[in-house]
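So the chains spell out like this:
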Amino acid sequence: TGAVGLYNLGQSCCLNSLLQVFLMNIHFTGILRRITVPPCAGQRKRNVPYQMLLLLEKMQCGKRKAVCPTDLARCLSAHRVELFVQHDAAQLFLHLWNLIKKQMKKLELVEELSVLYTICIQEHLACQNCSFEIKSNSSMLTLPLPVLDSNSRRLKTLEDCLKCFFYPEELTGQNMCFCQQCGRKTPFLQTLKLVHLPQTLTIHLKRFCFEKSSNTHKLSHYLPFPQELDFNAVLTENQCQADDNEKATWQYGLFAVVAHSGSTSYGHYCAYIRSLTECKWYCFNDSEVCQVSWDDVKCTYGHSNLHW
């Protein structure tokens, strides 16, 4: 089944959870299995994709309930990924993905990796005093969704978070932009439009809140997400910049949840992952792996009274 645990090396629960999400994704491992093996031992020790491949084979070929990701951890440490510290899952995911992409030598595999994960967004900036408008395309690896609206009220569902992310924002006061046509700073309307979604979509709920006092706290309120998500049913025509063929692919089934319990200063990560070959949910809690139900996955919705 591939449901094999990873031993905790010391505050490595975040890394373990992300590795499980990567290696349980058969579309990702299909790319990983076709990498070019570095020619010398020194290069192999420092090559993240190769070390991930070795770990995958170790997990699949062994008969133990868990394996130790020591060699991969040493490899990541050589690339300035700190060990034995608390990590933020979204930041570590981005760092890992960039290392994997950078060290893949075959251009077609780099392209496949980008197609698998990259989101494309178009930003519109329109001056509110004249007709001046700026359009620019950008790509991102995750959709960073707010869990509070512009008035700091709690959003109630994942769909609400998506609508809030793509809702137009007025840039006034200190946020005004320079208008080339007006020759001065003016109020602008900023609008984000969805251009392309990848085969594997990664959503990041922004539960860590940074305040002006430099204090950081976690927003742990209850926020449900569905097993099936159709972007065409959530976003309006004005929030999309894509043709019908592109929009037809914007339907997703939930594959994995990386969940955090605790506060901003301490806590623990684990991953709930749906096996794409068995269609069963598993909880990967470092070296402990067990089959779970959808009701168990719902415990990651938040709220301090829920325990997973």
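Under an unreviewed UniProt entry, the name given to the protein chain is UBP18 hydrolase, and the organism recorded is Calyptomena viridis.

*Asks:* Would you mind showing me how to read the packing of helix α4 (residues 48-61) against helix α6 (residues 89-103) here?
*Replies:* The description of two helices packed together rests on the angle between their axes and the distance between the axes. Put simply, α4 and α6 touch, their axes get as near as 7 Å, and they point 105° apart. Classified by the angle between their axes, α4 and α6 sit roughly perpendicular to one another. On α6, the residues touching Val-48, Pro-49 and Met-52 of α4 are Leu-99, Ile-100 and Gln-103. Tallied by class, residues from the contact of α4 with α6 come to 5 nonpolar, 1 polar and no charged.

*Asks:* Mind showing me how you'd approach unusual backbone geometry here?
*Replies:* A positive phi is found at Ser-152, a non-glycine position, where the angle reads about 65°. On the secondary structure map, Ser-152 appears in the loop between β5 (143-146) and α8 (158-165). A positive phi angle, close to 60°, is found at Cys-279, a residue other than glycine. Locating Cys-279 in the fold gives a position in the loop between β16 (267-274) and β17 (281-285).

*Asks:* Explanation requested: the sheet that holds strand β9 (residues 188-196) in the structure shown.
*Replies:* With respect to topology, 4 strands assemble into an open sheet ordered β4-β3-β9-β6, the strand pairing being antiparallel. Because the sheet does not close on itself, it has two edges, and the strands there are β4 (133-140) and β6 (169-171). Here the strands of the sheet are splayed against their neighbours by 30° on average, with no regard to which way each runs. Relative to β9, strand β3 (residues 119-127) runs antiparallel, the two sharing 8 bridges.

*Asks:* How should I be thinking about helix α1 (residues 13-23) in this particular structure?
*Replies:* Residues that lie three or four places apart on an α-helix share one face, since the helix turns once every 3.6 residues. In terms of burial, α1 is a largely internal element, 11 of the 11 residues being buried. Of all the residues in α1, the buried ones are Cys-13, Cys-14, Leu-15, Asn-16, Ser-17, Leu-18, Leu-19, Gln-20, Val-21, Phe-22 and Leu-23.

*Asks:* What's the story with the environment of Ile-100 in this structure? I'm lost.
*Replies:* Note on placement: Ile-100 falls in helix α6. As a C-alpha pair, Ile-100 and Asp-71 span 29 residues in sequence and 15 Å in three-dimensional space.

*Asks:* What's the story with the state of the cysteines in this structure? I'm lost.
*Replies:* Scanning the model with the defined rule gives 0 disulfides in all. The thiol sulfur of Cys-61 is not disulfide-bonded, and the nearest other cysteine sulfur, from Cys-68, lies at 17 Å. You can see Cys-120 has no disulfide; the closest cysteine sulfur is in Cys-240, sitting 14 Å from it. Cys-120 sits in the partly exposed class, given a relative accessible area of 27%.

*Asks:* Looking at this model, I keep getting lost on the environment of Glu-288. Mind explaining?
*Replies:* Mapped onto the elements, Glu-288 comes out in strand β18 (residues 288-292). We classify Glu-288 as partly exposed; its relative accessible area is 45%. The sequence separation of Glu-288 and Ala-3 amounts to 285 residues, and the corresponding C-alpha distance is 9.7 Å. When sequence neighbours within four positions are dropped, the list of residues in contact with Glu-288 reads Lys-65 and Cys-283.

*Asks:* Quick question: what am I supposed to make of the pairing of β3 here?
*Replies:* On any regular strand, side chains alternate: one points to one face of the sheet, the next to the other face. Bridging between β3 and β4 involves 8 bridges; their strand directions are antiparallel. What sits directly across from Cys-120, in β4, is Ser-139. Linking β3 back to β4 in an antiparallel pair, the connection comprises 5 residues.

*Asks:* Would you take a moment to explain the packing of α4 against helix α5 (residues 70-78) for this structure?
*Replies:* With their axes 9 Å apart at the nearest point, α4 and α5 run at an angle of 170° to one another. Taken together, the axis directions place α4 and α5 in an arrangement best described as roughly antiparallel. For the pair α4 and α5, the sense of crossing is left-handed. Residues Val-48, Gln-51, Met-52 and Leu-55 of α4 touch α5, and the partners they reach there are Asp-71, Leu-72, Cys-75 and Leu-76. Partitioned by chemical class, the residues of the contact of α4 with α5 number 6 nonpolar, 1 polar and 1 charged.

*Asks:* How do you make sense of the nonpolar core when you look at a structure like this?
*Replies:* Burial of nonpolar side chains together is a common tendency in soluble globular proteins. Counting 40 residues, the largest nonpolar core has Phe-22, Phe-28, Met-52 and Tyr-117 as the members making the most contacts within it. Looking at this core, the elements that each hand over two or more residues are α1, α2 (26-32), α4, α5, α6 and α7 (107-117). Formed by 34 residues, the second largest nonpolar core is a distinct cluster that contains Leu-162, Leu-223, Cys-283 and Val-292.

*Asks:* Help me understand the pattern of salt bridges in this model?
*Replies:* Opposite charge on two side chains permits them to pair, given that their charged atoms come into close proximity. Applying the stated criterion to the full structure yields 6 salt bridges. The partner of Asp-149 in a salt bridge is Arg-153, and the shortest N-O contact between them spans 3.0 Å. The shortest N-O distance in the salt bridge between Lys-298 and Asp-295 comes to 3.6 Å. Relative accessible area serves as the criterion here: at 51%, Asp-295 is assigned to the exposed category.

What counts, and at which threshold
- Residues numbered from 1 in each chain as written.
- Predicted model: local features only at pLDDT ≥ 70, side-chain atom pairs only at ≥ 80, totals over all residues.
- Heavy atoms only, no water.
- Axes fitted to C-alpha atoms, helices over the stretch in contact; angles between N-to-C directions.
- Helix = DSSP H or I, 4+ residues; strand = E, 2+ residues; numbered from the N terminus.
- Parallel < 35°, antiparallel > 145°, perpendicular 65-115°, else oblique.
- Contact = heavy atoms within 4.5 Å.
- Nonpolar A, V, L, I, M, F, W, Y, C, P; charged D, E, K, R; others polar.
- Pairing = 2+ DSSP bridges.
- Buried < 20%, exposed > 50% of the residue type's maximum accessible area, 1.4 Å probe, protein only.
- Disulfide = S-S within 2.5 Å.
- Left-handed = near helix turned anticlockwise from the far one by under 90°.
- Core = buried A, V, L, I, M, F, W, Y, C linked by side-chain atoms within 4.5 Å.
- Salt bridge = Lys/Arg side-chain N within 4 Å of Asp/Glu carboxyl O.

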